[in-house]
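Chain by chain, the residues run as shown.
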Amino acid sequence: MSDKHLIVEDLSIEFAGQSVVRNLSFTLAPGKTLALVGESGSGKSVTARSLIGLAGAGAKVTARTLSYGGQDLLGLSERGWRGLRGKGIGFVLQDALVSLDPLRPVGKEILEVLKTHGWGDRHTRAERVVELLEKVGVPEPRLRARQRPDQLSGGLRQRALIASALALSPGLVIADEPTTALDATVQAQILEVLQEIKARGDSLLIISHDLAVVAQLADEVLVLRHGEVVEQGPMEQVLRKPRHPYTRALLDAVPGEHVRGTRLSPERGIVSTQPRPGRDAQVLLQADRLGKRYVGPDQQSRQVVDDVSFELRAGRTLGIVGESGSGKTTVARIVLGLLQPDAGQVTFLDQPWAGVGNDQVEEKQRRLYRRDISVIYQDPLSSFDPRWSVGQILADALDVAGIALAQQPARISQLLSQVRLPAQLASRRPLQLSGGQRQRVAIARAIASDPKIIICDEPVSALDVSVQAQVLDLLADLQTSLGLAYLFISHDLGVIRHVSDEVLVMRHGKVVESADVETLFERPQHEYTRRLLGAVPRLPGAGTKLVVPPLEAENTAWLFDESRLWKIAI
Amino acid sequence: MSELTLETTLPGIRVQRAPRKVRLGPLLAVSFLGFLILAALLPQLFAHSDPLAIVPHDAFHPPGWAHWFGTDQSGRDIFSRVIHGTRQSLFIGLAATALAMSIAIVLGLLGGLGGAYLDRGVNWSLEILFAFPSLILALLFVAIFGSGIGPLIVATGLGGAPGYARMVRGQVLAVRNAGYIESAKALGHPPLRIITRQLLPNAMRPLIVTLTMGVGQAIVWASALSFLGLGARPPAPEWGTMLSMGRDFIANAWWLTFFPGLFIVLTTLSTTVAGRYLQQRLEGRLS
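Note that the structure is a prediction, hence the values are computed from the model and not measured.

Before going further, it helps to examine the overall build of chain A. For chain A, the count of helices and strands is 20 helices and 21 strands. The C-alpha atoms of chain A give a radius of gyration of 25 Å, which matches the 25 Å a tight globule of 570 residues would have. Expressed along its principal axes, the backbone C-alpha trace of chain A runs to roughly 70 × 50 × 45 Å. In chain A, buried positions account for 50% of the 570 residues. Sequence-distant contacts, at least 24 apart, represent 68% of the contacts inside chain A between residues at least 6 apart.

Summing up its helical and strand segments, chain B has 10 helices and zero strands in all. Along chain B, from the amino end to the carboxyl end, the secondary structure elements read α-α-α-α-α-α-α-α-α-α. A globule of 287 residues ought to have a C-alpha radius of gyration of about 19 Å, yet chain B, at 24 Å, is considerably larger. With respect to the principal axes defined by its C-alpha atoms, chain B has extents near 90 × 55 × 30 Å. Considering chain B as a whole, with its 287 residues, one finds that 43% of them fall into the buried category. Pairs at least 24 apart in sequence give 66% of the contacts found in chain B among residues at least 6 apart.

A separate point is the packing of helix H14 (residues 390-400) of chain A against helix H15 (residues 408-418) of chain A. All names here are of chain A. With their axes 10 Å apart at the nearest point, H14 and H15 run at an angle of 110° to one another. Relative to H15, H14 is oriented roughly perpendicular. As H14 packs across H15, the resulting crossing turns out to be right-handed. Of H15, the residues touching H14 (which contributes Gly391, Leu394, Ala395 and Leu398) are Gln408, Arg411, Ile412 and Leu415. Broken down by class, the residue content of the contact of H14 with H15 amounts to five nonpolar, two polar and one charged.

Attention shifts here to the confidence of the model for chain A. Model confidence for chain A is summarised by a mean pLDDT of 85, while 91% of its residues fall at 70 or above. For residues 543-570 of chain A, every residue scores under 50 in pLDDT, and the model assigns this stretch 42 contacts once sequence neighbours within four places are set aside.

Once that is clear, we can look at helix H7 (residues 191-204) of chain B. All names here are of chain B. By the largest-angle criterion, Gln198 marks the main kink of H7, which is about 25°, and a proline, Pro201, follows within four residues. Restricting attention to buried positions, one finds in H7 the residues Gln198, Leu199, Asn202, Ala203 and Met204. Those residues of H7 that are buried are in contact with helix H5 (149-176), helix H6 (179-187) and helix H8 (207-227).

Residues and elements named next belong to chain A. Phi angles above zero are rare outside glycine, and Asp450 is one such case at about 55°. Within the secondary structure, Asp450 sits in the loop between helix H16 (435-447) and strand S18 (453-457). Among the residues examined, Asp450 registers 12 C-beta atoms within 10 Å and is labelled exposed. Despite not being glycine, Glu458 shows a phi value in the positive range, around 50°. Relative to the assigned elements, Glu458 resides in the loop between S18 and helix H17 (465-482).

With that settled, the discussion passes to the confidence of the model for chain B. Residue and element names in this part refer to chain B. For chain B, the mean per-residue pLDDT works out to 83, and 91% of the residues sit at or above 70. Under a pLDDT of 50 for its full length, residues 1-18 has, in the predicted model, 28 contacts with residues more than four places off or in other chains. Complex prediction metrics read pTM 0.80 and ipTM 0.76.

Residues and elements named next belong to chain A. On the secondary structure map, Gln468 appears in helix H17. Take Gln468: there are 27 C-beta atoms within 10 Å of it, and that puts it in the buried class. Placed 213 residues apart in sequence, Gln468 and Pro255 show a C-alpha to C-alpha distance of 8.9 Å. When near neighbours in sequence (up to four residues on either side) are disregarded, Gln468 contacts Ala253, Val460 and Leu463.

So, about the sheet that holds strand S14 (residues 317-321) of chain A. Residues and elements named next belong to chain A. Read from one edge of the open sheet, six strands run S17-S18-S19-S14-S20-S21, paired in mixed fashion. The sheet is open, and its two borders are formed by strand S17 (373-376) and strand S21 (510-516), each paired with just one other strand. The mean inter-strand angle of the sheet, taken between neighbouring strand axes irrespective of direction, is 15°. Bridge analysis of S17 against S18 gives four bridges, and the strand direction is parallel. Counterpart to Ile376 in the pairing with S18 is Cys456. Strands in contact with helix H12 (residues 328-335) are S14, S18, strand S19 (485-490) and strand S20 (502-507); relative to S19, the strand with the most contacts, it is inclined by about 150°.

All names here are of chain A. Pairing is mixed across the open sheet formed by six strands, whose spatial order is S7-S8-S9-S3-S10-S11. Strand pairing shows two members of the sheet lacking a second neighbour, strand S7 (89-92) and strand S11 (228-234), which therefore form its edges. Each adjacent strand pair in this sheet contributes to an overall mean axis angle of 15°, direction not counted. Sheet topology places strand S3 (residues 33-37) next to strand S10 (residues 220-225); four bridges connect them, and they run parallel. What sits directly across from Leu34, in S10, is Glu220. Contacts from helix H8 (residues 184-199) reach S3, strand S8 (172-176) and strand S9 (203-208) within the one sheet, and its direction differs from that of S9 by about 145°.

So, about helix H1 (residues 24-41) of chain B. Residue and element names in this part refer to chain B. Between the first and last C-alpha of H1 there are 26 Å, a value that for 18 residues agrees with the 26 Å anticipated at 1.5 Å per step. Regarding H1, the residues found buried are Ala29, Leu33, Leu36 and Ala39. Buried residues of H1, viewed axially, fall in a sector of 120°; they line one side. Among the exposed residues of H1, those pointing more than 90 degrees away from its buried face are Leu24, Ser31, Gly34 and Leu41.

For the rest of this paragraph, the subject is the pairing of S8 of chain A. Residues and elements named next belong to chain A. Taking burial as the measure, the five residues of S8 include five buried ones, the bulk of the element. Neither face of S8 is exposed, since Leu172, Ile174 and Asp176 on one face and Val173 and Ala175 on the opposite face are all buried. Sheet topology places S7 next to S8; four bridges connect them, and they run parallel. Each bridged residue has a counterpart across the sheet, and for Gly90 the counterpart in S8 is Val173. Direction of pairing for S8 relative to S9: parallel, over a ladder of five bridges. Bridge pairing in S9 links Asp176 to Ile207. Regarding the hand of the β-α-β motif, the stretch spanning S8, H8 and S9 is right-handed.

Moving on, we come to the environment of Gly327 of chain A. Residues and elements named next belong to chain A. Mapped onto the elements, Gly327 comes out in the loop between S14 and H12. It is 27 Å that separates the C-alpha atoms of Gly327 and Asp385, two residues lying 58 residues apart in sequence. If sequence neighbours within four positions are ignored, Gly327 has contacts with Val304, Val305, Met506 and Gly509.

This part takes up the environment of Ser223 of chain B. Residue and element names in this part refer to chain B. Position of Ser223 among the secondary structure elements: in helix H8. Accessibility expressed as a C-beta count within 10 Å gives 31 for Ser223, which makes it buried. Sequence spacing of Ser223 and Thr257 is 34 residues, and the spatial spacing of their C-alpha atoms is 13 Å. Setting aside residues up to four positions removed in sequence, Ser223 forms contacts with Ser89, Trp239, Gly240, Leu243 and Ile264.

Definitions and cut-offs
- Residues numbered from 1 in each chain as written.
- Chains lettered and ligands numbered in written order.
- Predicted model: local features only at pLDDT ≥ 70, side-chain atom pairs only at ≥ 80, totals over all residues.
- Helix = DSSP H or I, 4+ residues; strand = E, 2+ residues; numbered from the N terminus.
- Rg over C-alpha atoms; globule rule 2.2 N^0.38 Å.
- Buried ≥ 20, exposed ≤ 12 C-beta atoms within 10 Å, placed from the backbone.
- Contact = placed C-beta atoms within 7 Å.
- Axes fitted to C-alpha atoms, helices over the stretch in contact; angles between N-to-C directions.
- Parallel < 35°, antiparallel > 145°, perpendicular 65-115°, else oblique.
- Left-handed = near helix turned anticlockwise from the far one by under 90°.
- Nonpolar A, V, L, I, M, F, W, Y, C, P; charged D, E, K, R; others polar.
- pLDDT = per-residue confidence, 0-100.
- Bend = angle between axes of the 7 residues up to and from the residue.
- Pairing = 2+ DSSP bridges.
- Expected span 1.5 Å × (residues − 1).
- Arc of directions from axis to C-beta.
- Right-handed = clockwise from strand over helix to strand, strands pointing away.

Structural data, given as structure tokens:
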């Protein structure tokens, strides 16, 4: 328990004369949770960092009051900060993989916090590490303490990081995007750990762009935009009756909370009057009992894809949902003809597309039809040649489509306008673009060859909610105007529910359940689907409250990074 | 207008860049390299006397107004010889580096793309080559094929190839797994186009710097071989040969060895400084 208040009055942060946060004020009482909500660049992370004196080199932090537990933080020396960090204020960084020392067992990481602040002696410290790991729900803590971050799953890493922040029982814990990039069930477990901090009477400051996550934890919400507070108030009030249009727009952008076909972003688009192609539309792509085995780093062979069959029909969207390691990306790679399956066959327009043995298809043959199947990746930047400008990237795709050089400039501007980017962007390099703009360029490239199908592999997972909303709306518009079929892969159930006609739930390489979207989300049959749906945090007033699924000992056998096993043969 | 941020600007804080200052080191290095190239193309621009003209009564003239770098044992003007030697030294350096790089690209691509067995084969042969000091290899080559400019270039090129080959192979392995290569394949580009338009240019990009420095290195090697009497033959104006010839008179006439040596040192120094500068510029742009 602590009786310490965090008081912030008129906090402003400047970098090289450029103001990034202006006049931020709040008070955080013990046992309460405050959420800073905003998009990338809104200044939420730098605000959190300024509270532990790590705003960064060149940052000018000014405030009328900045105090914690009666201690003035403004004039604090570096030495004073060091005493406070960890001990008084615990900080959970955003990305557990890069925030943990890759060469050090996680137990040592936690031990170091204790040692630095002179907590206990050698034996009590070791005991404390195990106790902490247990507290954050790490199974087999004695074993896990000896493992390095790369031997742990994303969820366990995040928990280890939280454990190190909790090591000295600080009265205030600051968590910067603690569940971003985690699977739904893992996210639910982390939220539970954070809720326990709150229940113990400590304060929690959480930073997130995910309003549904915020709804699970926060007592008070502070919405930041361009470094300014646009709305501030109790959670229920801000999320249920938002007063500022920006907050409303953020809420509207959350997929899965609305009727299908609703636009998520305020951007205007095509309003379609035509009905969606039905279940009897032409079958474009058919996968029949696909299978793929990998030999893992421990020489053990694993069935990554097992007996997966589906049909993709013209103009419709098939969603594949599953957690990391469920084999969904491997399915995408098989369907793209980039990976040879061990079993089963894929046909495209009733022609063999990929298979094994007698059904094997030569890449030469496939190349003729490649323009009909495009792909969008989660990380568009890495799919662009770093030497090329946006125009060159698109021209390269137009070459495949057989567009003559003379017509290419006109087509490039047309493509850019189709994805609602200004034509001047053609001369820019992807590195100079924002995440949303990059994904739009990737979409423009995907439609350059007039494809029939686009495989979307987690296309919005790395984007902010509002940018995600714009991209999802854009994809919906293109589907209507170009008659595209999507194979849409995501770990986000909300996104899947918003975009799909039919859904395939995958787990450990197998299809657990497949049904059309309403049936699956309204009346899930399989126990795993039910648990997955239960783990999704929801906004207040949007149906049932979060039910945390029972903590299951994680099956580490499945926790390996699929991408490490891929070798691309050209 | 919508209330949401329609992203038109870059995310994050734009850091103001300090006005670029021209630094003295790289400027001098590049100027010197420019001077060398000019001297190689048009030596008569700088040196007016014949580098081969023997004037016996002018022998062993110390540096002075008439002969800036002095004269050698046969009365030949050393300044003129150093300037005329530039062409040969630069040509040897560039040609040897180009040869080394060509061999390296072939081996690197074979190793990087050819599959496990070929890769192992390439690796083994590279390791065997690495086991010998490059200069010894070059010596061996010259010993077998005789001396002269041609063998000198081949010997120097062969000596440098394994090092580059290993770098190319590593780069190819890294780049072949890049997302944009997969994406090019998914677009339907044939393999040859992917290799020439994307894989090779991207793999070679970090090697530009190494190559710049490599030219200087090759010039030193070629001079060393010439010094040992295995390269250009006297009285041809070549820096290594001049060093070798002047060695006999080093006690009485230091200028015979000093000036060719100075040019070798300055050339390597310049390529290194210029290479480093290039590296900083490229890295700054890439990150």
